[in-house]
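The residues making up each chain are set out below.
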Amino acid sequence: MILEHALLQVRPGQGAAFEEAILAARPLIAASPGFISIEVRPASEQADLYLLVVGWTDIAAHRDGFRSSDRYAQWRALLHGFYKPMPTITYFAQDLFAQDPFAESIP
């Protein structure tokens, strides 16, 4: 599994509207082949900042699949107006602890 990560800086005062829009947009990404999961978390100590983490089977599912789909055009229309600046996407590989044979025994 690949994780897509982005810090979403939402325009000041637009947090509530963004949260409504991201909930409405969730089915668009969830319907994408290769989609596994999505989390969007507000920052605890900074207004209008959110962490986006999306699980994909591989980078191509996001980059070549979702981002080239009609669903992405709808996603963009719903959400991209909230961001300032536009977020940078970073992909992360397999969890290092997932390969640790002792991970299960750590309390």
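Each chain carries its own residue numbering, running from 1 in the direction its sequence is written. With the structure being a predicted model, the display of local features is reserved for residues of pLDDT at least 70 and the display and counting of side-chain atom pairs for 80 or more, all residues being used for whole-chain, interface and lining totals. Water and hydrogen atoms play no part in the side-chain values, which are based on all heavy atoms of the structure.

Quick look at the packing of helix α1 (residues 15–30) against helix α3 (residues 70–79)
And step 1. Axis definition: a line fit to C-alpha positions, over the contact stretch in the case of helices; interaxial angles, taken between N-to-C directions, run 0 to 180 degrees. Strands are runs of DSSP state E lasting at least two residues, helices are runs of H or I lasting at least four, and both sets are numbered from the N terminus onward. The N-to-C vectors of α1 and α3 enclose an angle of 180°; their axes lie 9 Å apart at closest approach. Taken together, the axis directions place α1 and α3 in an arrangement best described as roughly antiparallel. Between α1 and α3, the contacting residues are F18, A21, I22, A24, A25, R26, L28 and I29 on the first element and R71, Q74, W75, L78 and L79 on the second.
And step 2. All amino acids are sorted into three groups, where Ala, Val, Leu, Ile, Met, Phe, Trp, Tyr, Cys and Pro are nonpolar, Asp, Glu, Lys and Arg are charged, and the leftover types, Gly among them, are polar. Looking at the contact of α1 with α3, its residues break down into ten nonpolar, one polar and two charged. In what follows, roughly perpendicular refers to angles from 65 to 115 degrees, roughly parallel to angles under 35, roughly antiparallel to angles over 145, and oblique to any angle outside these ranges. Should any heavy atoms of two residues lie within 4.5 Å, those residues are counted as being in contact.

Regarding the pairing of strand β2 (residues 35–42)
And step 1. Criterion used throughout: strands pair if DSSP finds at least two bridges between them. As paired strands, β2 and strand β3 (residues 49–56) are joined by seven bridges and run antiparallel to one another. Across the sheet, the residue bridging to P42 is Y50, located in β3.
And step 2. Hairpin connection, β2 to β3: the antiparallel pair is bridged by six residues, and D48 has positive phi, about 65°.

Considerations on the sheet that holds strand β1 (residues 2–9)
And step 1. One open sheet holds the four strands; their spatial order is β2-β3-β1-β4, and the pairing between them is antiparallel. The strands lining the two open edges of the sheet, one partner per strand, are β2 and β4 (90–92). The mean angle between the axes of side-by-side strands here comes to 20°, regardless of whether they run parallel or antiparallel.
And step 2. Summarising the sheet, β1 and β3 pair through eight bridges and their orientation is antiparallel. Of the residues in β3, the one forming a bridge with L3 is G55.

So, unusual backbone geometry
And step 1. The amide bond that connects K84 to the next residue, P85, takes the cis arrangement and shows omega of 0°.
And step 2. As for its position among the elements, P85 is in the loop between α3 and β4.
And step 3. For D48, which is not a glycine, the phi torsion comes out positive at approximately 65°.
And step 4. Exposure is judged per residue with a 1.4 Å probe applied to protein chains only, and the accessible area is read against the type maximum: over 50% gives exposed, under 20% gives buried, and values in between give partly exposed. Its relative accessible area of 18% is what places D48 among the buried residues.

What to know about α1
And step 1. Along its 16 residues, α1 runs 22 Å from first to last C-alpha, staying within 8% of the 22 Å computed at 1.5 Å per residue.
And step 2. Turning to α1, its buried residues are G15, F18, A21, I22, A25, L28 and I29.
And step 3. As for α1, its buried residues are in contact with β1, β2, β3 and α3. By this rule the span expected of a helix is its residue count minus one, scaled by 1.5 Å.

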